[in-house]
Amino acid sequence: MLVPLALALGGCSALGHWSQAANGHLGIVRAAKPVDDWLADPATPADLAERLRLSQRMRNFASSQLALPENNSYRRYADLKRAAAVWNVIAAPEFGFTLKTWCYPIMGCAGYQGWFDLDEARKRADALRAEGWEVQVQPIPAYSTLGWSRLLGGDPLLNTFIRYAEGELAAMIFHELAHQRVYASDDTGFNEAYASAVELLGARQWLADKPEALAAFEAGRARRARFLALAREGRERLQKVYDGPAELRAQGKAAVMAELRERAPREAPGYEAWFQRANNANFAILSAYSDLVPAFERLFEREGRDWRRFHAAVERLVPLSREERRATLRSLEGGTPHEADPAPRQTR
């Protein structure tokens, strides 16, 4: 996930969002201190110290083996005393999956707006609902500043994810560093799918000589794959309803959602709550994180599983238009990519 640190365009509400984003990030920066300082402090709990040491091995691996940036990101740690780093507001139309976007200098446009205060995020969500949008507020455990925060100490490790299972901790670090490696302005789906592919491929490589941890990671991703398959089917069926007669859309939508909620315990165990609260915003952001992941995996294979060649090939797509990027990715293997395992963050 990305958080802009540049001034948002347009009016007082945008200025208010920029102010809380800047202050929120600076609060995290001030709370962070070098991992070595935490390790030297006898008051640091033993289990936290172990996780911090593990994170630094992962951080070194990211640069030495995955060709991800070597900088000061994830060399510091902060305990935010809360369960999320930021809360994303996402919104989509009542009968469609086009995410509402917010645009910023440097970063471009993104299909979510991050808030460091949950109450403020909820207020923004309520305002959007009043305008007719379907809205969700999602807790986000980590975000990337695209490297712009390096002068402030870099993006830090956080209590919100430091105790993840080993494979998922590695995936989180690799995902966020990938945003610093390649970024295309105004293309949330491209950026998140690329980072999601990096996290999946990178975590498997990290766990290659750890069979038990790898098995646990793959089991979790298999469960998520079943969830994604049901969610993809649901979104496709809903799209057919939305493409149909206007007077039948509300009834058809309700029927599809009721069936998905009934099937979830059997076909996507562990994700029942997602389907219970899901609306078009959930389906839309899930698509952004996952639709292009298989294409990036194929690109990795085409480049001989060489990380530097892979990142370079992705970078060559950035100057293209959004449509040209997708056409190029899909040409790797005829047909449209479907969901694969995205970052488990939508949060993770």
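Read on for a plain summary of the structure. Owing to the predicted nature of the structure, the values given are computational and were not obtained by experimental measurement.

## Some points on the overall build of the chain
At step 1: Helix and strand content of the chain: 13 helices and eight strands.
At step 2: The buried share among the 348 residues of the chain stands at 56%.
At step 3: For the chain, the accessible surface area stands at approximately 14,700 Å², while carbon and sulfur atoms represent 54% of it.

## Section: the packing of aromatic side chains
At step 1: Summed over all chains, the structure comprises 19 aromatic pairs.
At step 2: Of note, K33 hangs over the ring of W38, and the distance from its end group to the ring centre comes to 4.4 Å.
At step 3: The aromatic ring of F190 is capped on one face by R325, whose charged end is 5.4 Å from the ring centroid.

## A word on helix α4 (residues 118-130)
At step 1: With 13 residues, α4 extends 18 Å from end C-alpha to end C-alpha; this agrees with the ideal 18 Å at 1.5 Å per step.
At step 2: Within α4, the full set of buried residues consists of A121, A125 and L128. Around the axis of α4, the buried residues are gathered within 60 degrees of arc, so they sit on the same side. Facing away from the buried side of α4, by more than 90 degrees, are the exposed residues K123 and A130.

## Side note on the sheet that holds strand β2 (residues 76-78)
At step 1: The sheet built from three strands is open, its strands ordered β1-β2-β8 with mixed pairing. If you trace the sheet from one side to the other, it starts and ends with β1 (33-34) and β8 (157-158), each paired once.
At step 2: In this structure, β2 lies alongside β8, joined through two bridges in parallel fashion. Within β8, the residue paired with A78 across the bridge is L158.

## So, helix α10 (residues 280-290)
At step 1: With respect to burial, α10 is a largely interior element, eleven of its eleven residues being buried.
At step 2: One side-chain oxygen of the residue at the start of α10 lies 2.9 Å from the amide nitrogen of A281, identifying that residue as N279.

## Concerning the pairing of strand β7 (residues 134-140)
Working note: regular strand, side chains alternate between the two faces of the sheet.
At step 1: The element β7 is extensively covered by neighbouring structure, given that five of its seven residues are classed as buried.
At step 2: In terms of strand pairing, strand β3 (residues 86-92) meets β7 through seven bridges, oriented antiparallel. Each residue of the ladder has a partner; that of A91, found in β7, is V135.

## Quick notes on the packing of helix α6 (residues 188-206) against helix α12 (residues 307-315)
At step 1: Here α6 crosses α12 at 175 degrees, and the two axes come no closer than 12 Å. By the angle class used here, α6 and α12 are roughly antiparallel. Of the residues in α12, those touching α6 at F190, Y194, V198, L201, G202 and Q205 are W307, F310, H311 and V314.
At step 2: Of the residues that constitute the contact of α6 with α12, the class distribution is seven nonpolar, three polar and no charged.

## Here we look at the side chain of N282
At step 1: Inspection of the secondary structure puts N282 in helix α10.
At step 2: What N282 contacts, discounting residues up to four positions off in sequence, is I90, Q136, Q138, W274 and R277.

How each quantity is defined
Residues numbered from 1 in each chain as written. Predicted model: local features only at pLDDT ≥ 70, side-chain atom pairs only at ≥ 80, totals over all residues. Heavy atoms only, no water. Helix = DSSP H or I, 4+ residues; strand = E, 2+ residues; numbered from the N terminus. Buried < 20%, exposed > 50% of the residue type's maximum accessible area, 1.4 Å probe, protein only. Areas by Shrake-Rupley, 256 points an atom, 1.4 Å probe, with all protein chains shown as cover. Phe/Tyr/Trp six-rings, centres within 6.5 Å; stacked < 30°, edge-to-face > 60°. Lys NZ or Arg CZ within 6 Å of the ring centre and 35° of its normal. Expected span 1.5 Å × (residues − 1). Arc of directions from axis to C-beta. Pairing = 2+ DSSP bridges. Polar contact = N/O pair within 3.5 Å; in protein donor to acceptor, adjacent residues only side chain to side chain. Axes fitted to C-alpha atoms, helices over the stretch in contact; angles between N-to-C directions. Parallel < 35°, antiparallel > 145°, perpendicular 65-115°, else oblique. Contact = heavy atoms within 4.5 Å. Nonpolar A, V, L, I, M, F, W, Y, C, P; charged D, E, K, R; others polar.

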